[in-house]
Amino acid sequence: MFVRFLFASMFVAGAALTASGQDPFGGAAADPFGGAPAAPPVAAPPIEAQPIPAAPAADEHPTLQAVREQNPTTGPELMRAVQIALDLGEHDAAKEFIGQLQALNLDATAMFALVREFGSGAFVRLVRTPELAPQGRTFGLAALEAAAGVARDPARLRSVAERLNDPSPQMRRAALRELQAAGAAAVAPLTAIIANPIQAELHDEARAALASLGRAAIEPLMGVLEASDSELRAAAMEALGRLEARNARELLLSPAVDPAADPAEREAAAEALERIVGVRPHPDDARQLLAQEIRELLDGRLLRRADAEGMIELWHWNVAENAAVPRRYPAHEAGAVHAARLARELYEISQERIDDRRLYLEAILQAAKLQTGMHFPLPRGEGTAHAAAAEFGPAVVEDILHHAMAAGRVPAAIGAAEVLGDIGSQSLLHSGSAAPAPLTAALRHKNQRLRLAAGEAIVKIDPTEPFADSDRYVATLASLVRTEILPRALVADPREENAQTLAGLLTRMGFEADVAYNGRQAYELAARHPDHTILLLSDALNDPPVRQLVELLRQDFRTADLPIGVMYRTEIEPLVYTSETDELLDAATQTGERLPGLHYDEDRLLAAQTIAFGDPLIVAIPQIYDPVTLDFAATRLTALAPHGPVLPVERLRFAGVAIDALGRYAAAPVKYSFYRLPQVQESVVKAIDLPDLAVPAARALGSLGTTLAQQSLVNVASQHARPLEVRQAAAEAFREAVARQNLQLTTDEILLQYDRYNRSERLDPETQAVLGHVLDTLEGVGEEPPASPPADAKAPPSSS
């Protein structure tokens, strides 16, 4: 009898020794298994049975010997034995009992019962006691993880929720405690009951239970507010009010003042706000508060602090699952998504106000663009932001484009430009005032994606009469065609060796590198190539010096948004400096902190930091000497680009659109006589070297028909290493070019084609056919064969 009493006493003492922190199953205030609150576990490794140690020593504590005499074999018995051993400081014995527990291979249900009986704190204790490693950590984490899965199992919680009206008060209280312990996971079964008219007798109990779930249920309840069931929304509002959920107050404003809302729902929202902020809102106040919150979120204010991965979790109503479900967003995207939700609420109560309608459309376009991805077009079709904006017509969407550009809301502006391309007409290209129309103004915006979107929109509109900035439009198309598969970087340094070294390192990193040796060259290269990703400028530059160069770059819309690294000169000690200090390198790249082994000129350091001050796209970095430092600098600068750099896949898509448009314009010179197309031919010639653009580029050159176009086409058709499809397209385009502009080749170039044909005797028949097609074109223009063909020239094939 004494042994049993001692055994039980030690178990009680052991169960009382639990760690502090938040319990993973019910929040800080409740443990679903009866224990003290504990910190949430990390992911657990699978349970593996551990070998049982040898028999205990003879001098073992009498209490522990008494435990052994009881011969514990079940899960609860062994867990009590573990606790007693820990309380006695007998860690080896505790590990022995844990090994026996692992050997039982308990399933999730048994683990759940075990954790519920002893409390989660007891298992956190196993995890946090270093003397029990690795068995204690392995078993403790596995038990907590398995129990969490069972405790939050939707089917189980539905069963628990249905016991809320059990005849037994004890069963009702037990069910409520389990639901409260489940926290957010209990929202779905409770809302399912409220949404089910067949379970009307449970509705009152479910509503009360919702309001008692604790703060962990606030975000899921906010997701319930998106449901179509008015009674369900009212229940969620009541619960949010009782929980005094301040982060839900904006979502309650619209239903609290909306005269068209269900009266019960309107009263629930107003009462909830009164609980949260102490007053019921006036309609004008509600509108102003919503508009202010939306603007702040669209302008970049974070919704709340992000997690360690930079993500924020929001809850939404899922119609298919008939429940609120979580979704994780990047922090900046979460703010836009929540702003769009609030904007819909605002528009419900303020449809007659132009400012609020504009804010609504900006918000939904911004959120849709960020969610889809800046490098993809907006989704089309019913229920999309594109369709919602298009319903208002071109004039309203043009107004959205104008205001979004003015407010710096680039994703919304891009979305508006995409919509205008689908619904607009050429009247959008004429402003009726001295100011340019918004769509043509977007061609000169500093954000490259917006320039590309505006150019694509005008391609779709297909104007057939002159408009302001048509030359800029053609130049935009040319810049689209002049694309690169690889990201492009510019290095500017008057010291040739330094510049070439950095360019070589960038090439090995996957960049297409340009080199400039003075400020003027750097500016010209940066402005000429639209796809530079980063600029690395030495503070040793002159003509102009780096400060003036940066000012020029920022004044030019083509380069105003480019990330710039201003490299200040240092002196290096090769025997002291090491590139192995990754953390120091990263810090130096981001903050300008000093690296070991470098001697800094204080004036140069200060000058570079002064140039970077106030511009989030400029970083002062020490002179780069090695690939490790360059990698950090390039990564840091690339990450600075607003909404990320334009990707190669984007460039290729836009380039394809641009080439098709240029070819169409060249094919109808009378219809599109207001475009000056010869200026784009070099860009199209370059595009023919890109596999994805070669065939449409050949067609465009055929429509242009210029001397350069014809020379390029016959050369491409004659290069048998190119794909046959490309060579065939070039040969056919050459025929089209000659038909349009007559033959532009010189006698030497014509002789060269005969020579190429003659040397194709041993090549495949397809290659011979392509070369023959070129000669057919040459002979079909009425020209006599060259006066002095090669002596061994074969008779050219006759035209078919």
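Predicted, not measured: the structure shown is a model, and the values here were computed from it.

**Student:** Break down the overall build of the protein chain for me, citing the residues and quoting the values.
**Tutor:** Secondary structure summary: the protein chain contains 37 helices and nine strands in total. Counting only carbon and sulfur atoms, one obtains 52% of the accessible surface of the protein chain, whose full area is about 35,800 Å².

**Student:** Help me get a handle on the nonpolar core, residues and values and all.
**Tutor:** L439 and Y473 are the most contacted members of the largest nonpolar core, which totals 168 residues. Aside from chain neighbours lying at most four places away, what touches L439 is L401, A417, L420, L428, L429, A454, A457, I458 and I461. Counting residues in hydrophobic clusters, the runner-up holds 31 residues, among them L86, A94, F123 and L132.

**Student:** Pulling in residues and values, what's your account of the packing of helix α8 (residues 154-161) against helix α10 (residues 187-195)?
**Tutor:** Think of two packed helices as two axes; the pair is described by the angle between the axes and how far apart they sit. Taken N-terminus to C-terminus, the directions of α8 and α10 make an angle of 55 degrees; their axes are 8 Å apart at the nearest point. One finds that α8 runs oblique with respect to α10. Relative to α10, the crossing made by α8 is right-handed. Together, L157, R158 and A161 of α8 and P189, L190 and I193 of α10 make up the contact between the two elements.

**Student:** Tell me about the pairing of strand β5 (residues 532-538), and name the residues and values.
**Tutor:** Of all seven residues that make up β5, seven are buried, and the element is covered over most of its length. Bridge count between strand β3 (residues 488-492) and β5: five bridges; the pairing is parallel. Residue pairing across strands places A492 opposite L537, the latter belonging to β5. Bridging between β5 and strand β6 (residues 564-568) involves four bridges; their strand directions are parallel. Along β6, the bridge assignment pairs S538 with M567. In terms of handedness, the path from β5 via helix α27 (residues 546-555) over to β6 forms a crossover that is right-handed.

**Student:** How would you explain the side chain of S760 if you had to name every residue and give the values?
**Tutor:** Looking at the secondary structure, you find S760 in the loop between α36 (747-758) and α37 (765-779). Residue S760 is classed as buried on the basis of its relative accessible area, which comes to 2%. Among the polar contacts made by the side chain of S760, one reaches the main-chain carbonyl oxygen of Y757 at a distance of 2.5 Å. Excluding residues within four positions of it along the chain, S760 makes contact with Q768 and L771.

**Student:** Go over the confidence of the model for the protein chain with me, naming the residues and quoting the values.
**Tutor:** Across the protein chain, the average pLDDT comes to 83, with 86% of residues at or above 70. The low-confidence segment residues 573-582, where pLDDT is below 50, has 15 contacts with residues more than four positions distant or belonging to other chains. Predicted confidence is poor over residues 782-800, with pLDDT under 50, and the contacts of this stretch with residues over four places away or in other chains come to 23 contacts.

**Student:** A description of the sheet that holds β6 should follow, citing residues and the corresponding values.
**Tutor:** In spatial order, the strands read β4-β3-β5-β6-β9; together these five strands make up an open sheet with parallel pairing. The open sheet has two edge strands with one neighbour each: β4 (512-516) and β9 (618-622). Across this sheet, the average inter-strand angle for adjacent strands is 20 degrees, counted without regard to direction. The strands touched by helix α26 (residues 519-528) within the sheet are β3, β4 and β5, with β4 carrying the most contacts at an inclination of about 150 degrees. Most of the contacts of helix α30 (residues 627-640) go to β5, to which it runs at about 125 degrees, and overall it touches β5, β6 and β9.

**Student:** Mind laying out the packing of aromatic side chains, listing which residues take part and the relevant values?
**Tutor:** All told, the structure shown has twelve aromatic pairs when counted by the stated rule. Between the aromatic rings of F467 and Y675, the centroid separation amounts to 6.4 Å while the plane-to-plane angle is 80 degrees, which identifies the pairing as edge-to-face. Of this pair, F467 sits in the loop between α23 (448-461) and α24 (470-481) while Y675 sits in the loop between α31 (648-667) and α32 (681-687), and the two are 208 residues apart along the sequence. Y675 carries the same exposure label as F467, and that label is buried. Three or more aromatic residues joined by ring pairs form one cluster here, namely F467, Y473, Y665, Y672, F674 and Y675.

**Student:** Before we move on, could you go through the packing of α10 against helix α11 (residues 203-211) and cite the residues and values that matter?
**Tutor:** As a packed pair, α10 and α11 sit with axes 9 Å apart at the nearest point and diverge in direction by 150 degrees. Accordingly, the angle class assigned to the pair α10 and α11 is roughly antiparallel. Seen along the crossing, α10 lies across α11 with a hand that is left-handed. Contacts between α10 and α11 pair V187, L190, T191, I193 and I194 from the former with H203, A206, R207, A209 and L210 from the latter.

**Student:** Which residues make up helix α33 (residues 694-704), and what values go with them?
**Tutor:** For α33, a buried count of ten out of eleven residues is recorded, marking the element as mostly surrounded by other parts of the structure. By the burial criterion, the buried members of α33 are A694, V695, P696, A697, A698, A700, L701, G702, S703 and L704. Summarising the contacts, the buried residues of α33 are in contact with α31, α32, α34 (707-717) and α35 (724-741). In the stretch just after α33, G705 is the one whose phi turns positive, near 70 degrees.

**Student:** Describe the pattern of salt bridges, listing the residues and the values that go with them.
**Tutor:** Tallied over the entire structure, the rule returns 41 salt bridges. Across the salt bridge formed by E309 and R328, the nearest N and O atoms sit 2.6 Å from each other. Residue E309 is located in the loop between α16 (283-298) and β1 (311-318), and its partner R328 is located in strand β2 (residues 323-330); the two are separated by 19 residues in the primary sequence. Using a relative accessible area of 62% as the deciding quantity, one classes E309 as exposed. Overlapping salt bridges, with partners in common, bring together K369, R380, E418, D422 and K460 in one network.

**Student:** Describe in detail empty space enclosed by the protein, supporting the description with residues and values.
**Tutor:** Within the structure shown, the criterion is met by five cavities of 30 Å³ or more. Lining the largest cavity are 19 residues, and of these Q448, D561, L562, P645 and V646 lie nearest its centre. Of all the secondary structure elements, the ones that give two or more residues to the lining of the largest cavity are α23 and β5. Here the lining of the largest cavity gets three residues from one element, more than from any other, and that element is α23. Considered class by class, the residues forming the lining of the largest cavity number seven nonpolar, five polar and seven charged. The space that makes up the second largest cavity amounts to roughly 90 Å³. Lining the second largest cavity we find 13 residues, and of these K369, M374, E418, R653 and F654 sit closest to its centre. When residues of the lining of the second largest cavity are traced back to their parent elements, those giving at least two are α21 (410-423), α23 and α31.

**Student:** Now, about the environment of I276: what can you tell me, with residues and values included?
**Tutor:** Relative to the assigned elements, I276 resides in helix α15 (residues 263-277). For I276, a relative accessible area of 8% puts it in the buried group. Residues I276 and A248, 28 residues apart in the sequence, show an inter-C-alpha distance of 9.1 Å. Apart from the residues lying within four places of it in its own chain, the contact partners of I276 are L240, G241, E244, A245, R246, R249 and L252.

What counts, and at which threshold
- Residues numbered from 1 in each chain as written.
- Predicted model: local features only at pLDDT ≥ 70, side-chain atom pairs only at ≥ 80, totals over all residues.
- Heavy atoms only, no water.
- Helix = DSSP H or I, 4+ residues; strand = E, 2+ residues; numbered from the N terminus.
- Areas by Shrake-Rupley, 256 points an atom, 1.4 Å probe, with all protein chains shown as cover.
- Core = buried A, V, L, I, M, F, W, Y, C linked by side-chain atoms within 4.5 Å.
- Buried < 20%, exposed > 50% of the residue type's maximum accessible area, 1.4 Å probe, protein only.
- Contact = heavy atoms within 4.5 Å.
- Axes fitted to C-alpha atoms, helices over the stretch in contact; angles between N-to-C directions.
- Parallel < 35°, antiparallel > 145°, perpendicular 65-115°, else oblique.
- Left-handed = near helix turned anticlockwise from the far one by under 90°.
- Pairing = 2+ DSSP bridges.
- Right-handed = clockwise from strand over helix to strand, strands pointing away.
- Polar contact = N/O pair within 3.5 Å; in protein donor to acceptor, adjacent residues only side chain to side chain.
- pLDDT = per-residue confidence, 0-100.
- Phe/Tyr/Trp six-rings, centres within 6.5 Å; stacked < 30°, edge-to-face > 60°.
- Salt bridge = Lys/Arg side-chain N within 4 Å of Asp/Glu carboxyl O.
- 1 Å grid on protein atoms, 1.4 Å probe; cavity = no way out; pocket = protein on both sides within 12 Å on 5 of 7 lines; lining within 4 Å.
- Points joined across faces, edges and corners; volume = space filled by probe spheres on them.
- Nonpolar A, V, L, I, M, F, W, Y, C, P; charged D, E, K, R; others polar.

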